[in-house]
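# Examining the three-dimensional arrangement
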Amino acid sequence: MSLRVLPALAVAFGLILAPAAARAAEPAGKQPQAIYGQPWNTPQKPFRIYGNTWYVGPHGLSALIVDTGHGLALFDGDLPASAALIEANIRTLGFRVRDVKWIFNSHAHADHAGGIAALQRDSGAQVLASVQGARALELGGADPSDPQYSLALAYPAVGHVRPVRDGETLQLGDVAIIAHYTPGHTPGSTSWTWDSCSEGHCLHMVYADSLTALGSSGFRYSDHPQRVKAFRQSIATVAALPCDILLTPHPDASGFWQKVARRTSDADNAPLVDAGACRAYAAVAAEKLDATLAEERAK
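Residues numbered from 1 in each chain as written. Predicted model: local features only at pLDDT ≥ 70, side-chain atom pairs only at ≥ 80, totals over all residues. Heavy atoms only, no water.

## A word on the sheet that holds strand β5 (residues 100–104)
The condition that has to hold: By this definition, two strands are paired if DSSP reports at least two bridges between them. Only DSSP runs of H or I covering at least 4 residues are called helices, and only runs of E covering at least 2 are called strands; the numbering of each starts at the N terminus. Angles run from 0 to 180 degrees between N-to-C directions of axes, and those axes are lines fitted to C-alpha atoms, restricted for helices to the stretch in contact.
With respect to topology, seven strands assemble into an open sheet ordered β1-β2-β3-β4-β5-β6-β7, the strand pairing being mixed. Sheet topology places β1 (47–50) and β7 (161–164) at the edges, where each strand pairs with a single neighbour. Averaged over all neighbouring strand pairs, the angle between strand axes comes to 30°, with direction disregarded. The pairing of strand β4 (residues 72–75) with β5 spans four bridges and is parallel.

Here it is, written out as structure tokens:
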């Protein structure tokens, strides 16, 4: 995707960009300068994906809960305006917001982390992210090392984030959740894996972070060979993950809703299961990264 289209996309989605420089000038305690429209935050009825894993986000942005048997693990908080919707969906499923004990983040952009501060406050949960992701969350997304820094959208900063190491396994109740660093889209991007079981049959669940090479105007991936090397490693990491059901922060990026539409019921898992989904997702990302680098060289 050309970098020139990013501002137009922001307008199309009803987003007001808050450059980091402008944000830094805001007085302490002021609400972030970002107003979010409806396309990504359209309400979505929550539903079981498989076993102990449910979808609780709006239609355009993923938020997942996993019942560990000793509390809920929530993945992503989406937009600031999504927090109330996510909480309502959790209650609809028969859980309490206070049942959320852990909140995991894919990457610290406002469309995936904007609601985390409110969710943390309302649930009392521990927030977890990669080392660089934790730093970005605590900065409210204002991370100068982010390729999209000058386009960054303001959101409430998240406090007391617990950094997770690459490859670290977190045994939470009956579920082992593994962190896989996948930097590229942001420096702190992280993919998460766990197993969900139903009637003795377990599937490998993958919440693979965004692998799209996007940057602010003036940022060139080709000027940062180490970033490109790390990005390619991230793509290879996702391709190699044990992968039965692929989930992504933007559901459309993995064709999630098309798969859901083919289900005959919440118990019909066949349309969601695709052992090649992670490889396919990674292959598309590799092609897009190559195209971005070629476009930069051409300019």
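## Considerations on the nonpolar core
The following threshold applies: Put simply, buried Ala, Val, Leu, Ile, Met, Phe, Trp, Tyr and Cys residues joined by side-chain atoms within 4.5 Å make one nonpolar core. Between buried and exposed lies partly exposed: a residue is buried under 20% and exposed over 50% of the maximum accessible area for its type, with that area taken using a 1.4 Å probe on protein chains only.
Val-56, Ile-65, Leu-74, Ile-90, Ile-103 and Leu-137 are the most contacted members of the largest nonpolar core, which has 29 residues in total. Counting residues per element, the ones that place at least two in this core are β4, α3 (82–92), β5, α4 (110–113), α5 (116–123), β6 (126–130) and α6 (131–138). When residues of this core are assigned to their parent elements, the largest contribution, four residues, is made by α5. Counting 28 residues, the second-largest nonpolar core is a separate cluster that includes Ile-49, Tyr-55, Met-205 and Leu-247.

## Some points on the packing of helix α7 (residues 225–240) against helix α9 (residues 277–298)
Using the following cut-off: Note on angle classes: values under 35 degrees are labelled roughly parallel, values over 145 roughly antiparallel, values of 65 to 115 roughly perpendicular, and the remainder oblique. For any pair of crossing helices, the crossing counts as left-handed if the nearer helix is rotated counterclockwise from the farther one by less than a right angle, and right-handed if it is rotated clockwise. The criterion used for residue contact is that any of the two residues' heavy atoms lie within 4.5 Å.
Axis separation between α7 and α9 bottoms out at 7 Å; the angle between their running directions is 160°. On the basis of their axis angle, the class for α7 and α9 is roughly antiparallel. The chirality of how α7 crosses α9 is left-handed. Listed contacts from α9 to Val-228, Phe-231, Arg-232, Ile-235, Val-238 and Ala-239 of α7 are Cys-278, Arg-279, Tyr-281, Ala-282, Ala-285, Ala-286, Leu-289, Asp-290 and Leu-293.

## Examining α5
Counting buried positions along α5 gives six out of eight residues, so the element sits mostly inside the fold. Regarding α5, the residues found buried are Ile-116, Ala-117, Ala-118, Leu-119, Gln-120 and Ser-123. Looking at the buried side of α5, the elements it contacts are β4, α3, β5, α4, β6 and α6. Two residues or fewer past α5, Gly-124 is found with a positive phi of approximately 75°.

## Quick look at the environment of Pro-187
Its place among the elements puts Pro-187 in the loop between β9 (175–181) and β10 (190–198). Take Pro-187: its relative accessible area is 15%, and that puts it in the buried class. C-alpha separation for the pair Pro-187 and Phe-231, spaced 44 residues apart in sequence, amounts to 9.4 Å. Residues within four places of Pro-187 in sequence aside, it is in contact with Gln-132, Asp-143, Ser-145, Asp-146, Pro-147 and Arg-227.

## Structural notes on the sheet that holds strand β12 (residues 245–247)
With mixed pairing, the five strands of this open sheet are ordered in space as β8-β9-β10-β11-β12. Both edges of this open sheet fall to β8 (169–172) and β12, since each of them pairs with a single strand only. Sheet twist, expressed as the average angle between the axes of neighbouring strands with direction ignored, equals 25°. In terms of strand pairing, strand β11 (residues 201–207) meets β12 through three bridges, oriented parallel.

## What to know about the state of the cysteines
Filter applied, for reference: Working definition: a disulfide is two cysteine sulfur atoms within 2.5 Å of each other.
The tally for this structure, following the rule as stated, stands at two disulfides. Paired through a disulfide, Cys-197 and Cys-202 show a sulfur-sulfur distance of 1.9 Å. On the S-S bond that ties Cys-197 to Cys-202, the torsion sits near 100°, and the link is right-handed. A sulfur-sulfur separation of 2.2 Å characterises the disulfide bridge that pairs Cys-243 with Cys-278. Its S-S torsion of approximately 75° makes the covalent link between Cys-243 and Cys-278 right-handed. In this pair, Cys-243 sits in the loop between α7 and β12 while Cys-278 sits in helix α9, placing the two residues 35 residues apart along the sequence. The class of Cys-243 is buried, set by a relative accessible area of 6%.

## Some remarks on the packing of aromatic side chains
Filter applied, for reference: Pairing of aromatic rings covers Phe, Tyr and Trp, the last through its six-membered ring, and needs centres within 6.5 Å; plane angles under 30 degrees mean stacked, over 60 mean edge-to-face, and all others mean tilted.
Applying the stated criterion to the full structure yields 14 aromatic pairs. Between Tyr-55 and Trp-257, the ring centres sit 5.2 Å apart and the planes meet at 70°, which makes this aromatic pair edge-to-face. Here Tyr-55, found in strand β2 (residues 53–55), pairs with Trp-257, found in helix α8 (residues 256–261); they are 202 residues apart in sequence, far enough to count as distant. Seen in terms of ring centroids, Phe-104 and Trp-192 are 4.8 Å apart; in terms of plane orientation they differ by 65°. Their pairing is edge-to-face. A residue pair is termed long-range when its members are at least 10 positions apart, and Phe-104 in strand β5 and Trp-192 in strand β10 qualify at 88 residues.

## Side note on the environment of Leu-289
Within the fold, Leu-289 resides in helix α9. The class for Leu-289 is buried, based on a relative accessible area of 0%. Here the alpha-carbon distance between Leu-289 and Thr-212, two residues 77 residues apart in the chain, equals 7.2 Å. Those residues in contact with Leu-289, other than ones at most four positions away along the chain, are Ala-213, Phe-231, Arg-232 and Ile-235.

On their own, these measurements won't tell you what the molecule is for.
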